[in-house]
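# Descriptive analysis of the structure
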Amino acid sequence: AVFVAAVQLAAAVRLYARSRRRAPALKGAPSACVIVPFKGPASAENVAAFLKQDYPGALSWKFVVASDKDAALSVLPAAHRLVSDAVPTVSSEKSLNLAAGAAAAGGAELLLFADADVRVRPDWARRLAAALQEPGVSVATAALLPRDWLSAAWFSAGLTWFEPLTIAVGQSLAIRRRDFDALGVARLWRSAVSDDLALANAVRAAGGRCVLVPGAAPEGRGGGWRAALEQFDRWMTLFRFDMPRVWWPGLLAVAVKLGALWQAFSAPFCPTLAAVVLCGDALTLFVAACALGSPRRAAGVALAAPLLLAAHARNYLVSAFSREIVWAGWTYFLDGPRAE
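The rules we used
Residues numbered from 1 in each chain as written. Predicted model: local features only at pLDDT ≥ 70, side-chain atom pairs only at ≥ 80, totals over all residues. Heavy atoms only, no water. Phe/Tyr/Trp six-rings, centres within 6.5 Å; stacked < 30°, edge-to-face > 60°. Helix = DSSP H or I, 4+ residues; strand = E, 2+ residues; numbered from the N terminus. Buried < 20%, exposed > 50% of the residue type's maximum accessible area, 1.4 Å probe, protein only. Pairing = 2+ DSSP bridges. Core = buried A, V, L, I, M, F, W, Y, C linked by side-chain atoms within 4.5 Å. Contact = heavy atoms within 4.5 Å. Axes fitted to C-alpha atoms, helices over the stretch in contact; angles between N-to-C directions. Parallel < 35°, antiparallel > 145°, perpendicular 65-115°, else oblique. Nonpolar A, V, L, I, M, F, W, Y, C, P; charged D, E, K, R; others polar.

Further remarks concern the packing of aromatic side chains. In this structure the tally under the stated criterion is 15 aromatic pairs. Here Phe 155 and Trp 235 contribute two aromatic rings whose centre-to-centre distance is 5.5 Å and whose plane-to-plane angle is 85°, an arrangement assigned as edge-to-face. Placement of Phe 155 in helix 5 (residues 149-159) and of Trp 235 in helix 9 (residues 225-242) is noted, with a sequence separation of 80 residues between them. The exposure class of Phe 155 is buried, given its relative accessible area of 9%. Judged by relative accessible area, Trp 235 falls into the buried class, the value being 19%. Ring plane angle 35° and centroid distance 5.3 Å describe the contact between Phe 265 and Phe 269, whose orientation is recorded as tilted. The pair Phe 265 / Phe 269 is uniform in exposure class, with both members exposed.

Right, let's get into the pairing of strand 6 (residues 172-176). In terms of burial, strand 6 is largely enclosed, as five of its five residues are buried. Where burial is concerned, the two faces of strand 6 agree: the one with Ser 172, Ala 174 and Arg 176 and the one with Leu 173 and Ile 175 are both buried. Inspection of the sheet shows strand 4 (residues 110-114) paired to strand 6 by five bridges, in the antiparallel sense. Bridging across to strand 6, Leu 112 finds its partner in Ala 174. Bridge count between strand 5 (residues 137-141) and strand 6: three bridges; the pairing is antiparallel. Directly across from Val 139, in strand 6, lies its bridge partner Ile 175.

Residues Ile 325 and Trp 327 of strand 8 (residues 324-327) are buried on one face, while the alternating residues Glu 324 and Val 326, pointing to the opposite face, are not. Where strand 8 folds back on strand 9 (residues 330-335), the antiparallel hairpin that results is connected by two residues, among which Ala 328 adopts a positive phi of roughly 50°.

On to unusual backbone geometry. In this structure, the amide linkage connecting Ala 267 to the following residue, Pro 268, adopts the cis form with an omega of -5°. Summarising the element assignment, Pro 268 is placed in the loop between helix 10 (244-264) and helix 11 (271-292). Residue Asp 85 is not a glycine yet carries a positive backbone phi of 55°. Along the chain, Asp 85 turns up in the loop between strand 3 (81-83) and helix 3 (93-103). Look at Asp 85 and you get exposed, because its relative accessible area is 59%. The residue Ala 328 is not glycine, and still its phi comes out positive at about 50°. The topology assignment puts Ala 328 in the loop between strand 8 and strand 9. Owing to a relative accessible area of 44%, Ala 328 belongs among the partly exposed residues under this scheme.

With that out of the way, let us pick up the nonpolar core. Within the largest apolar cluster, 78 residues are counted, with the highest numbers of intra-cluster contacts made by Leu 111, Phe 113, Phe 180 and Trp 189. In contact with Phe 180, not counting residues within four places along its chain, are Ala 102, Leu 111, Phe 113, Ile 175, Val 185, Ala 186 and Trp 189. Ranked by size, the runner-up nonpolar core spans 37 residues in total, among them Val 47, Tyr 55, Trp 124 and Ala 125.

Where helix 1 (residues 2-19) meets helix 11, the closest approach of the two axes is 8 Å, and the angle between their N-to-C directions is 10°. Considering their axes alone, helix 1 and helix 11 lie roughly parallel with respect to each other. Touching Val 2, Ala 5, Gln 8, Leu 9, Ala 12, Val 13, Leu 15, Tyr 16 and Ser 19 of helix 1 are Val 276, Gly 280, Asp 281, Leu 283, Thr 284, Val 287, Ala 288, Cys 290 and Ala 291, all from helix 11. Of the residues in the contact of helix 1 with helix 11, the class split is 13 nonpolar, four polar and one charged.

The contact between helix 5 and helix 13 (residues 305-320) brings their axes to 10 Å, and the two run at 75°. In terms of their interaxial angle, helix 5 and helix 13 are classed as roughly perpendicular. Contacts between helix 5 and helix 13 involve Leu 150, Ala 153, Trp 154 and Ala 157 on the former and, on the latter, Leu 307, Leu 308, Ala 311, His 312 and Asn 315. By residue class, the composition of the contact of helix 5 with helix 13 is seven nonpolar, two polar and no charged.

Everything listed here is a matter of coordinates, which is why it stays silent on function.
Next comes the structure, spelled out in structure tokens:
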């Protein structure tokens, strides 16, 4: 239990130290294309935020829908719409939409991907582009810190491992076009359920790096705990099939914590062992959340540590026995990274 607490705290301290570094300035102005998949009712404010970027170079947009009858079309500018006609068979609809957007990006030197339900800041594109200038970096990524404490705690704990384990998040990421083509990402996406995990696996296999850019974190995505838990179940199931190298160590860490708490609260009560687990988790969340926001908000995230452990236990239990996820109107039956 002490070892697990020390390792996760070290990862959080690493994230905090990186977040305190001065953001690199963008040298030059490579052309870039922002690619966002949409489905169903969309936020006009989110669309406007993608269009109002403080980016010094040429910037284009591809807002992709699978059908010309999609409700999102009512808020998407006609000049930037793209209908992919995607029908998933062995991949997700989102992966197919992203591949279609990349194919239509023209001569853009950088490809920036984001989810439709996040609101990016005016410097979002510039910060991600600047992070790609670091030596050896293949992907720059940024994930939001949600409003509710449980979701914020789940994200804070997970983000500490993005760089060490080469994980990218589809909420927002950037990659050079030449790396995108060299890694064969479009081909991978045509047979992948999880777009970001497929990309991250390709980057790691090629020896590339993934960097987290806290300053580029988008905003948005609220919701209740029930919806959050179901979302986490789905993500953990995808990790089990697409990235078992992350799923198995996480399962072991949660099992150690639960076993330690069981022993701590069994007679005779051992407060030291309970403190190692609960205070270790709380301190880890506090440090990680400080890297992504204010100390006051971080304190609230840290208090959710016991709830996060319970959520992780549920997520691993569900994902261990599930081969099915429901995502944006489709039900996927998983078989490795492929699906039906």
